[in-house]
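What follows is each chain in one-letter form.
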Amino acid sequence: MAARSGSGRPRLAELNPYHLRLVDSHAHLQSRAFRDDADDVLAAAYEAGVERLLIPGYDLPSSRAGLEFVRRHGLGTTAGVHPHEAAAVDDDVWAQIVELAAEREVVGIGETGLDYDRGYSPREDQLANLRRHLALAYETKKPLTLHCRSKPGERDAQDDLIGELREAGVGS
């Protein structure tokens, strides 16, 4: 019988004889949805066997909130603008993202990329946003956190992303 956690659920480590290591690369615990219970959700993740969490920024407010959250919890965050928000990024917002990216707890740049499925921002704005993030990742020597989605059955966002990465010298 598996050992039980404080919540009565089996502990993942007891259910997993191979000791699979878990990392949550996309824990938006700084978002409004977790305003009242982010600390409890974080504790539950650790209890379930998650070893590390990344708190990615997806716009300027979430990048700031992510930095505040990780400073309280000893985690890492990213600073950046999701492709959905790309059209809203002006030079002032970008300058503030660049400032945040210099912080020690900001361990990556993004979340950036291309999302042609939902189309909340025009493709040209998404491409410009991606290029800024690529340049910032090079400048800071921090990894880039990518998002990529095409419409079902299509792959144009993936093809464009690979093209942009190659153009920037990634993988060549």
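Up top is the structure these notes are about.
The paragraphs below set out a description of the structure included in this document. (Residues numbered from 1 in each chain as written. Predicted model: local features only at pLDDT ≥ 70, side-chain atom pairs only at ≥ 80, totals over all residues. Heavy atoms only, no water.)

With that settled, the discussion passes to the sheet that holds strand S5 (residues 144-149). In spatial order, the strands read S1-S2-S3-S4-S5; together these five strands make up an open sheet with parallel pairing. The open sheet has two edge strands with one neighbour each: strand S1 (22-24) and S5. Going from strand to strand, the sheet's axes swing by 25 degrees on average, the running direction of each strand aside. Here strand S4 (residues 106-115) pairs with S5 via five bridges, running parallel. Residue Asp115 lies in a different strand from S5, and its bridge partner there is Arg149. (Pairing = 2+ DSSP bridges. Helix = DSSP H or I, 4+ residues; strand = E, 2+ residues; numbered from the N terminus. Axes fitted to C-alpha atoms, helices over the stretch in contact; angles between N-to-C directions.)

Scanning all chains against the criterion turns up nine salt bridges. Between Glu103 and Arg71 there is a salt bridge, with the nearest N and O atoms lying 2.6 Å from each other. Of the two residues, Glu103 sits in the loop between helix H4 (91-101) and S4 while Arg71 sits in helix H3 (residues 60-73), which places them 32 residues apart along the sequence. According to the relative accessible area criterion, Arg71 is partly exposed, its value standing at 46%. Taken together, the shared-partner salt bridges connect Arg71, Glu103, Arg104 and Glu105 into one network. (Salt bridge = Lys/Arg side-chain N within 4 Å of Asp/Glu carboxyl O. Buried < 20%, exposed > 50% of the residue type's maximum accessible area, 1.4 Å probe, protein only.)

Quick look at the environment of Glu139 now. Structurally, Glu139 can be placed in helix H5 (residues 123-140). On a C-alpha basis, the gap between Glu139 and Ala101 in space is 10.0 Å, while along the polypeptide they are 38 residues apart.

Time to look at the packing of H3 against H4. When two helices pack together, their arrangement is captured by the angle between the axes and the distance separating the axes. Running from N to C, H3 and H4 point in directions that differ by 20 degrees, and their axes come no closer than 10 Å. By the criterion of interaxial angle, the relationship of H3 to H4 is roughly parallel. Seen along the crossing, H3 lies across H4 with a hand that is left-handed. For the pair formed by H3 and H4, the contact residues are Leu60, Ser63, Arg64 and Leu67 on the first element and Val93, Gln96, Ile97 and Leu100 on the second. For the contact of H3 with H4, the class distribution of residues is five nonpolar, two polar and one charged. (Parallel < 35°, antiparallel > 145°, perpendicular 65-115°, else oblique. Left-handed = near helix turned anticlockwise from the far one by under 90°. Contact = heavy atoms within 4.5 Å. Nonpolar A, V, L, I, M, F, W, Y, C, P; charged D, E, K, R; others polar.)

In this model, Lys141 sits at a positive phi of 60 degrees, which is unusual for a non-glycine residue. Mapped onto the secondary structure, Lys141 falls in the loop between H5 and S5.

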